[in-house]
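Chain and residue survey
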Amino acid sequence: TCWRGVYRSNEDLTQLIRIEIASDSLKQVRGNYSIILHIHHDKNNVTWLATANGGLIKLLEGNGFQNADKLISSPDISRSLNCTSFFQSDNNIYIGTFNGIYHGKDFSSLHGLNGVEKVKVNAFYEYEKKLFIGTASGFYILDQETDKIIFKSGPWNNKINSIFISKRKLDMWNKLIV
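Conventions we followed
- Residues numbered from 1 in each chain as written.
- Predicted model: local features only at pLDDT ≥ 70, side-chain atom pairs only at ≥ 80, totals over all residues.
- Heavy atoms only, no water.
- Pairing = 2+ DSSP bridges.
- Helix = DSSP H or I, 4+ residues; strand = E, 2+ residues; numbered from the N terminus.
- Axes fitted to C-alpha atoms, helices over the stretch in contact; angles between N-to-C directions.
- Phe/Tyr/Trp six-rings, centres within 6.5 Å; stacked < 30°, edge-to-face > 60°.
- Buried < 20%, exposed > 50% of the residue type's maximum accessible area, 1.4 Å probe, protein only.

**Overview of the sheet that holds strand β12 (residues 130-135)**
- The strand order across the open sheet built from four strands is β11-β12-β13-β14, with neighbouring strands paired in antiparallel fashion. Pairing within the sheet leaves two strands with one partner each, and these edge strands are β11 (121-127) and β14 (148-152). Across the sheet, the mean angle separating the axes of adjacent strands is 25° when strand polarity is ignored.
- Relative to β12, β11 runs antiparallel, the two being bridged by six bridges. Bridging across to β12, Phe124 finds its partner in Ile133.

Next comes the structure, spelled out in structure tokens:
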């Protein structure tokens, strides 16, 4: 939620319970963890939270949360605690920020993605070895095999907060919903 933190439902979905993000092992809180910009649950059953001014956080069941900045070796990225979105493919990690995308095989190899700079990244969606990227100024398509941007939307598109591609048998442009 915006400004209110993270909540988890009970088993019968009748009540929401606020989760304290700072774990007991953290002596001081480094950022604002109450503004959750994106939640991603990956194929390894790990939940990631992108927060405003609190960075990227990995939910550790039973142990609270761990801030990912401890895993990031690039000083440019570790100083930027404004993570807006996160996506993990089979081969790469993608972190959206207010200043573009950082990606790499793991947190120690992150670097900026050419072609998507100086723009807030809101959403990722993977489809057929392509990564669709929603930003504050339109959307992009990244060919994951060549690591190149193959499409950038025109001026008719503004802010893209979410992306969905239907699996129905229609031509590609009839499937894309932004």
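Moving on, there is more to tell.
**Brief notes about the sheet that holds strand β7 (residues 83-88)**
- Ordered by their spatial adjacency, four strands build an open sheet running β7-β8-β9-β10, and the pairing between neighbours is antiparallel. At either margin of the open sheet sits one strand with a lone partner, and together these are β7 and β10 (111-117). Averaged over all pairs of adjacent strands, the angle between strand axes in this sheet comes to 25°, irrespective of strand direction.

**Points about the packing of aromatic side chains**
- A full pass over the atoms with the stated rule returns five aromatic pairs.
- Ring centres 6.5 Å apart and planes at 40° place the aromatic pair Phe87 and Phe124 in the tilted group. Taken together, the residues Phe87 in strand β7 and Phe124 in strand β11 connect sequence positions 37 residues apart. Side by side, Phe87 and Phe124 carry an identical accessibility label, which is buried.
- Between the aromatic rings of Phe139 and Phe151, the centroid separation amounts to 5.4 Å while the plane-to-plane angle is 40°, which identifies the pairing as tilted. Here the residue Phe139 occupies a position in strand β13 (residues 138-143), and Phe151 occupies one in strand β14, the gap between them amounting to twelve residues.
- Classification of Phe151 as partly exposed rests on a relative accessible area of 27%.
- An aromatic cluster is built from Phe87, Tyr94 and Phe124, whose rings are joined through pairwise contacts.

**With respect to the environment of Phe107**
- As for its placement among the helices and strands, Phe107 is situated in the loop between β9 (100-104) and β10.
- Taking C-alpha positions, Phe107 is 7.5 Å from Ile93, a pair spaced 14 residues apart along the chain.

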